[in-house]
Amino acid sequence: MMEDKKVNIAIIGLGFGAEFIPIYQRHPNANMYAICQRNAEKLNQVGDAFGIEKRYTDYDELLNDPAVDAVHINTPIPDHAGQALKALRAGKHVACTVPMATSVEDCRRIVEAVQETGLTYMMMETVVYAREFLFMKELYDKGELGKLQFIKASHQQDMDGWPNYWPGLPPMHYATHCVGPVLGITRGEAEYVSCFGSGTIRQELHAHYNSPFAVETAHIKFRNSDLSAHVYRSLFDTARQYRESFEVYGSKKAVEWPLIEGRPLVVHTAKRPEPEIPEEMECPDYAHLLPEAIQRFTTKGVYDEDEHQHLSFTQGAGHGGSHPHLVHEFVSSLVENRQPFPNARQSANITCVGILAHESAMKGGEIVQLPDFTFLKD
């Protein structure tokens, strides 16, 4: 019986990663089996708080544990690809926070490892499970948008003060939050991308990545489709409240993101009298799509109290209630022996759009093709 199957989950990285522990603990098909953190004090603090007995400070030791079925990686961006590859080669399924990797070649390695092992890989992109995306996807699937004509998205954030590898990061190197939804609504694929840089960040930030741009703005051409999308990103020296926006324009209806966080969506309906075309709409929650035991986590989580707020969670407005949906999609795909969304190829397509968009910007907007390994088989 599917409902009796349990997947032993190990979480790697316990900053942002701790947000997922109580969700796995309550999911009917998951066993929150182990946690891993290099800092033993932090490891034991989290383990004690959530009652988790299996604890590892060494990732390789965790991968040698035959009881681990799947790992959920929540470590710094530069570690994602290497840790995902290690897990796949050790026979573990992988869920990994964004992005998949920082190079096209590492994306290729992960896709090939999934092909070779038959294991599951899912990039845990929050926006494609946020309530706003689920609302627009529902309208699209029901035909209420009509023919989809254009899509755009943005991710703007002030990264000053963030540690380690963040200073000077090229905007499009971390573009999954805006690329994911524009491709995800139709389950489409990017065929090629063209991107321009705009403005200049402070001189002291240039050297980290040899990247000068304050803003990068890209156009994405969809494969086997008449659609294109527009996405833009900024990380430094650009005045803007945190925004992860996603907007769709159809022949019957369009949905636009509010300009100020916390305001309602705006739905435009064609052929009405001009003043009646737009209407503000509070986005519904989609907890009803989840097992009852984890429905509460679309609106509440570990970081409900101010002193526990992880910066990405605070700035990300709770990630749109996406965390339990991500857990449910990953666990369900393993229990049902099916591909998750996004799977390895889809994750590579989404991630490589950003990597190649920056390459395009550095070449003055030159068109760059997405590699074949990022396409689903026709």
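Residues numbered from 1 in each chain as written. Predicted model: local features only at pLDDT ≥ 70, side-chain atom pairs only at ≥ 80, totals over all residues. Heavy atoms only, no water.

### Structural notes on the packing of helix 4 (residues 80-89) against helix 5 (residues 104-117)
No. 1: The geometry of helix 4 relative to helix 5 is characterised by a closest axis approach of 10 Å and an angle of 10° between their N-to-C directions. In terms of orientation, helix 4 and helix 5 fall into the roughly parallel class. Helix-helix and strand crossings are classified by hand; for helix 4 and helix 5 the assignment is left-handed. Across the interface between the two elements, A81, A84, L85 and L88 of helix 4 pack against D106, R109, I110, A113, V114 and T117 of helix 5.
No. 2: Taken together, the residues of the contact of helix 4 with helix 5 break down into seven nonpolar, one polar and two charged. (Axes fitted to C-alpha atoms, helices over the stretch in contact; angles between N-to-C directions. Helix = DSSP H or I, 4+ residues; strand = E, 2+ residues; numbered from the N terminus. Parallel < 35°, antiparallel > 145°, perpendicular 65-115°, else oblique. Left-handed = near helix turned anticlockwise from the far one by under 90°. Contact = heavy atoms within 4.5 Å. Nonpolar A, V, L, I, M, F, W, Y, C, P; charged D, E, K, R; others polar.)

### Examining the packing of aromatic side chains
Any two aromatic rings considered together are summarised by their centre-to-centre distance and by the angle between their planes.
No. 1: Scanning the entire structure with this criterion turns up six aromatic pairs.
No. 2: On the basis of an interplanar angle of 75° and a centroid distance of 5.3 Å, the ring pair of W162 and W166 is categorised as edge-to-face. Each member of the pair, W162 together with W166, is buried.
No. 3: Above the ring of F341, the side-chain terminus of R187 is found at 3.7 Å from the ring centroid.
No. 4: The ring of F297 has R296 sitting right over it, with the charged end atom 4.6 Å from the ring centre. (Phe/Tyr/Trp six-rings, centres within 6.5 Å; stacked < 30°, edge-to-face > 60°. Buried < 20%, exposed > 50% of the residue type's maximum accessible area, 1.4 Å probe, protein only. Lys NZ or Arg CZ within 6 Å of the ring centre and 35° of its normal.)

### Digging into the state of the cysteines
No. 1: A complete count under the given rule lists zero disulfides for this structure.
No. 2: Not part of a disulfide, C96 finds its nearest cysteine sulfur in C107, a span of 10 Å.
No. 3: Take C195: it sits in no disulfide, and the sulfur closest to it among the cysteines is that of C178, at 9.9 Å. (Disulfide = S-S within 2.5 Å.)

### Some details on the pattern of salt bridges
No. 1: Scanning the entire structure with this criterion turns up 19 salt bridges.
No. 2: For D141, the salt bridge is made with K137, and the minimal N-O distance between the two is 2.9 Å. Remark: K137 and D141 occur in helix 6 (residues 131-141); sequence separation between them is four residues, near one turn of the helix.
No. 3: If you follow the salt bridges from partner to partner, you end up with D160, R202, E204 and D237 in one network. (Salt bridge = Lys/Arg side-chain N within 4 Å of Asp/Glu carboxyl O.)

### With respect to the sheet that holds strand 13 (residues 265-269)
No. 1: Pairing in this open sheet of nine strands is mixed, and the strands run 14-13-12-11-7-10-9-8-15 from one edge to the other. Strands at the two margins of the open sheet, each flanked by one partner only, are strand 14 (278-281) and strand 15 (368-369).
No. 2: In terms of strand pairing, strand 9 (residues 215-222) meets strand 10 (residues 228-234) through seven bridges, oriented antiparallel. From the neighbouring strand, H219 faces strand 10, where its bridge partner is H230.
No. 3: Against the sheet, helix 6 touches strand 7 (148-156), strand 11 (243-250), strand 12 (253-256), strand 13 and strand 14, its axis set at about 15° to strand 13. (Pairing = 2+ DSSP bridges.)

### Topic: the sheet that holds strand 2 (residues 30-36)
No. 1: Judged by pairing direction, the sheet is parallel, and its six strands sit side by side in the order 3-2-1-4-5-6 without closing on themselves. One side of each edge strand has no neighbouring strand; the edge strands of this open sheet are strand 3 (54-56) and strand 6 (121-123). The average undirected angle you get between the axes of adjacent strands in this sheet is 20°.
No. 2: With six bridges joining them, strand 1 (residues 7-12) and strand 2 adopt parallel strand pairing. Note that in strand 2 the partner of I11 across the bridge is I35.

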